[in-house]
Amino acid sequence: MLWNVASKALVLSYDSGGHARNVRLGQVADNGNLQTIELGKHNGRVHKLAVQPGSPHMFYSCGEDGFVQRFDLRSNSSTKLFCCSTFTGTDNLFSSNILSLNSIVIDPRDPNYFSLGGCDQYARVYDIRKLPSNKDAPVETFCPKHLIKTREMHITGMSYSNTSELLVSYNSELIYLFQKNMGLGPYPVATSQEHVDSLDEPQMYSSGHRNNFMVKGVSFFGPDSECGHIFVWKKNDGRVIRIMEGNKCIVNQVEPHPNILSFASSELEKDTTLWAPVSLITFLHWFMSYCR
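Residues numbered from 1 in each chain as written. Predicted model: local features only at pLDDT ≥ 70, side-chain atom pairs only at ≥ 80, totals over all residues. Heavy atoms only, no water.

Trainee: Explain the overall build of the protein here, please?
Mentor: The helix and strand tally for the protein stands at 2 helices and 23 strands. Counting only residues that meet the buried cut, the protein has 45% of its 292 residues in that class. Within the protein, residue pairs in contact and separated by at least 24 positions form 46% of the contacts whose partners lie at least 6 positions apart. Carbon and sulfur atoms make up 50% of the accessible area of the protein, which amounts to about 15500 Å² in all. (Helix = DSSP H or I, 4+ residues; strand = E, 2+ residues; numbered from the N terminus. Buried < 20%, exposed > 50% of the residue type's maximum accessible area, 1.4 Å probe, protein only. Contact = heavy atoms within 4.5 Å. Areas by Shrake-Rupley, 256 points an atom, 1.4 Å probe, with all protein chains shown as cover.)

Okay, structure coming up:
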């Protein structure tokens, strides 16, 4: 669905023609005709895509099958980069157990770096330039200190700030903001306790937010929650500055507009909600009238 924020109108809606395992491209011609093509597929649900900043042709996907794929729209081709696996705590470092993935985000300051989050407690950072062929090889990992030895936690959503800070949301837990100097190294199970103790604590965001059952998103406009509310925090000190009712039960995703101060939220039902300051809506109405 494509929406016009100013007019609050649905501009275009179409059936993608696939299911949760497919990655498909919808192409809208100048005459309004629409075509969808399948670019690739995962053996499991695909929760997140990440478009490479500065490139309209390249994007990544991750899925519950543990695979990370890169797509090039110039050739409509996909490449399986690697299958993400869990850490073992042994000399082999990686196990043969596939890690189901929920989230992938690309650093806007340096698109060579991307981060993955899935069904364990570690946020993994990769450098596309240093990826060996078909091998899982992170260059950095992040995790709150008190969650390092837990096995029940997993990551449901992630987001990068414009200054490469990494925001991570956990199920049945809180949201944490990591600076670059808070990393555990590429193999966190081999990190010494002395190094862990020397790290600063990440900024924590709480005050009512909880993800319990489903994959939830998080962004730098505010996360979503299974209490049906949208929470907006001040980044620097973690204070809640706004709580808005997004749905009576569950809000699944919040996605900000890339250029203007507005965002969309999706609920468990079929509804999608557009949010913007009243002053912005007034300005957009004026601007559209002026452009006519």
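Trainee: Help me out: how do you make sense of the confidence of the model for the protein in this one?
Mentor: Should the pLDDT be low somewhere, the predicted coordinates at that spot are not to be read in detail. The predicted model of the protein has a mean per-residue pLDDT of 81, with 78% of residues at 70 or higher. Segment residues 222-226: pLDDT under 50, and 35 contacts once partners within four positions in sequence are set aside and those in other chains are kept. (pLDDT = per-residue confidence, 0-100.)

Trainee: I tried to follow the environment of Val196 on my own but got confused; where do I start?
Mentor: Positionally, Val196 belongs in helix H1 (residues 193-198). Linking Val196 and Pro144, residues 52 residues apart in sequence, is a C-alpha distance of 9.7 Å.

Trainee: Help me understand the nonpolar core in this model?
Mentor: Formed by 23 residues in total, the largest nonpolar core has its most connected members in Leu166, Val168 and Tyr170. Only strand S13 (123-127), strand S15 (155-160), strand S16 (166-170) and strand S17 (175-178) provide two or more residues apiece to this core. Setting aside its immediate chain neighbours within four residues, Leu166 contacts Val105, Ser115, Ala123, Phe142, Met158, Ser159, Tyr160, Tyr176, Leu177 and Phe178. Of all hydrophobic cores here, the second largest spans 16 residues; its members include Tyr60, Leu99, Ile104 and Phe114. (Core = buried A, V, L, I, M, F, W, Y, C linked by side-chain atoms within 4.5 Å.)

Trainee: Would you mind going over the sheet that holds strand S5 (residues 48-51) with me for this structure?
Mentor: What holds strands together in a sheet is hydrogen bonding between their backbones, with the strands either parallel or antiparallel. The sheet built from 4 strands is open, its strands ordered S5-S6-S7-S8 with antiparallel pairing. One side of each edge strand has no neighbouring strand; the edge strands of this open sheet are S5 and strand S8 (77-83). Strand after strand, the sheet turns through a mean of 20° between neighbouring axes, direction not considered. Bridge count for S5 against strand S6 (residues 58-62) is 4 bridges, and the pairing is antiparallel. Looking across to S6, one finds that Val51 is bridged to Phe59. (Pairing = 2+ DSSP bridges. Axes fitted to C-alpha atoms, helices over the stretch in contact; angles between N-to-C directions.)

Trainee: Is there a simple way to explain the pairing of S15 in this structure?
Mentor: It is a general feature of regular strands that their side chains alternate between the two faces of the sheet. In terms of burial, S15 is largely enclosed, as 6 of its 6 residues are buried. Linking S15 to S16, which pair antiparallel, is a turn of 5 residues; within it Ser164 sits at a positive phi near 70°.

Trainee: In this structure, what is going on with the pattern of salt bridges? I would like to understand it.
Mentor: If the charged atoms of two oppositely charged side chains come close together, the side chains can form a pair. For the structure shown, the criterion picks out 7 salt bridges. Of the charged contacts, one joins Arg45 and Glu64 as a salt bridge, the two residues approaching to 2.9 Å between their closest N and O atoms. Residue Arg45 is located in the loop between strand S4 (34-41) and S5, and its partner Glu64 is located in the loop between S6 and strand S7 (67-72); the two are separated by 19 residues in the primary sequence. By relative accessible area, which is 47% here, Arg45 ends up partly exposed. (Salt bridge = Lys/Arg side-chain N within 4 Å of Asp/Glu carboxyl O.)

Trainee: Before we go on, may I ask you to explain unusual backbone geometry in this structure?
Mentor: A negative phi holds for most residues other than glycine; trans holds for most peptide bonds. Positive phi is not limited to glycine here, since Asn76 has a value of about 50°. Of note, Asn76 is situated in the loop between S7 and S8. A relative accessible area of 34% places Asn76 in the partly exposed class. Positive phi outside glycine occurs at Ser172, with the angle close to 50°. Its place among the elements puts Ser172 in the loop between S16 and S17. A relative accessible area of 33% means that Ser172 is categorised as partly exposed.

Trainee: Can you walk me through the packing of aromatic side chains in this structure?
Mentor: The geometry of an aromatic ring pair is captured by two quantities: the separation of the ring centres and the angle between the planes. The final tally for this structure, using the stated rule, is 7 aromatic pairs. Taking 4.7 Å as the distance between ring centres and 5° as the angle between the ring planes, the aromatic pair formed by Phe59 and Phe71 counts as stacked. Separated by 12 residues along the polypeptide, Phe59 in strand S6 and Phe71 in strand S7 bring together distant segments of the chain. Per residue, the accessibility class of Phe59 equals that of Phe71, and both read buried. Considering the side-chain rings of Tyr60 and Phe114, the 5.2 Å spacing of their centres and the 35° angle between planes classify their relative orientation as tilted. Of the two residues, Tyr60 is situated in strand S6 and Phe114 in strand S12 (residues 113-118); the sequence distance between them amounts to 54 residues. Looking at Tyr60, the relative accessible area reads 1%, which means it is buried. One aromatic cluster is present, built from ring pairs that chain together Tyr60, Phe82, Phe114 and Tyr126. The ring of Phe67 carries the charged tip of Lys80 above its face, separated from the ring centre by 4.5 Å. (Phe/Tyr/Trp six-rings, centres within 6.5 Å; stacked < 30°, edge-to-face > 60°. Lys NZ or Arg CZ within 6 Å of the ring centre and 35° of its normal.)

Trainee: What is the right way to look at the state of the cysteines in this model?
Mentor: Defined simply, a disulfide is a covalent bond joining two cysteines at their sulfur atoms. Throughout the structure, instances matching the rule amount to 0 disulfides. For the unlinked cysteine Cys62, the closest cysteine sulfur is that of Cys84, found at 9.2 Å. For Cys62, a relative accessible area of 0% corresponds to the buried category. (Disulfide = S-S within 2.5 Å.)

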